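Understanding the architecture of this molecule
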Amino acid sequence: MLGGFAWDAATRWAGVRPRPRFDHGVEHRLDAGPTLLGCYHPSRQNTNTGVLTEAMPDAVVARAVEPARP
């Protein structure tokens, strides 16, 4: 699970071009590596405004533990 800052760093490090847009729940499979999963930060700003609900990170974690998709 990567927040926006880590998403940018990971895609830059992996040399992904064009860089995939970050969003909550977005997935990007690296050619020779793991699948990146985007997740909004659980900051007060995101939780108090409803941008991030309690169920949203749970859904990303559930996806992260699923077997890899072909």
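Residues numbered from 1 in each chain as written. Predicted model: local features only at pLDDT ≥ 70, side-chain atom pairs only at ≥ 80, totals over all residues. Heavy atoms only, no water.

1. Remarks on the layout of surface pockets
Spelled out, the test is: A cavity here means a set of points on a 1 Å grid, drawn over the protein atoms and nothing else, where a 1.4 Å probe fits but cannot get out; a pocket is an open set with protein on both sides within 12 Å along at least five of seven lines, and a residue lines either one if it has an atom within 4 Å of a point. Grid points are joined across faces, edges and corners, and a volume is the space filled by probe spheres set on the points. Where helices and strands are cited, they refer to DSSP runs of H or I of at least four residues and of E of at least two residues respectively, numbered from the N terminus. The classification used treats Ala, Val, Leu, Ile, Met, Phe, Trp, Tyr, Cys and Pro as nonpolar, Asp, Glu, Lys and Arg as charged, and all other residues, Gly among them, as polar.
For the largest pocket, the calculated volume is near 160 Å³. In this structure, the largest pocket is lined by Glu 27, Arg 29, Thr 35, Leu 37, Arg 63, Ala 64, Glu 66, Ala 68, Arg 69 and Pro 70. Listed by contribution, the elements that provide at least two residues to the lining of the largest pocket are β1 (27–29), β2 (35–37) and α3 (55–64). Counted by class, the lining of the largest pocket contains four nonpolar, one polar and five charged residues.

2. Comments concerning the pattern of salt bridges
Quick reminder of the rule: Any carboxyl oxygen of Asp or Glu that lies within 4 Å of a side-chain nitrogen of Lys or Arg is treated as forming a salt bridge with it. Exposed residues in this analysis have more than 50% of their type's maximum accessible area, buried residues have under 20%, and partly exposed residues fall in between, with area computed by a 1.4 Å probe over protein chains only.
Throughout the structure, instances matching the rule amount to three salt bridges. Across the pair Asp 23 and Arg 21 runs a salt bridge, and its minimum N-O distance is 3.9 Å. The class of Arg 21 is exposed, set by a relative accessible area of 65%. One salt bridge connects Arg 63 with Glu 66, and the closest N-O pair in it is separated by 3.6 Å. On the basis of relative accessible area, Arg 63 is assigned to the buried category, the value being 11%.

3. Brief notes about unusual backbone geometry
Residues Arg 17 and Pro 18 are joined by a peptide bond in cis, for which omega reads -10°. With respect to the secondary-structure elements, Pro 18 resides in the loop between α1 (4–14) and β1.

4. Brief notes about the environment of Leu 36
This is how it is decided: Two residues form a contact once any of their heavy atoms are found within 4.5 Å.
Looking at the element boundaries, Leu 36 is found in strand β2. Separated by 10 residues in sequence, Leu 36 and Val 26 place their C-alpha atoms 8.1 Å apart. Excluding residues that lie within four positions of it along the chain, Leu 36 makes contacts with Leu 2, Trp 7, Ala 10, Thr 11, Val 26, Glu 27, His 28 and Leu 30.

5. Regarding α1
For an α-helix, 3.6 residues make a turn, and residues three or four places apart therefore share a direction. Test applied: The arc under discussion is defined with respect to the helix axis, by the directions toward the C-beta atoms.
Every buried residue of α1 is accounted for by Trp 7, Ala 10 and Thr 11. Along the axis of α1, the buried positions cluster into a sector of 95°, meaning they face one direction only. What points out from α1, more than 90 degrees from its buried face, is the exposed set Phe 5 and Trp 13. Those residues of α1 that are buried are in contact with β1 and β2. Once α1 ends, the next one or two residues include Gly 15, with phi positive near 70°.

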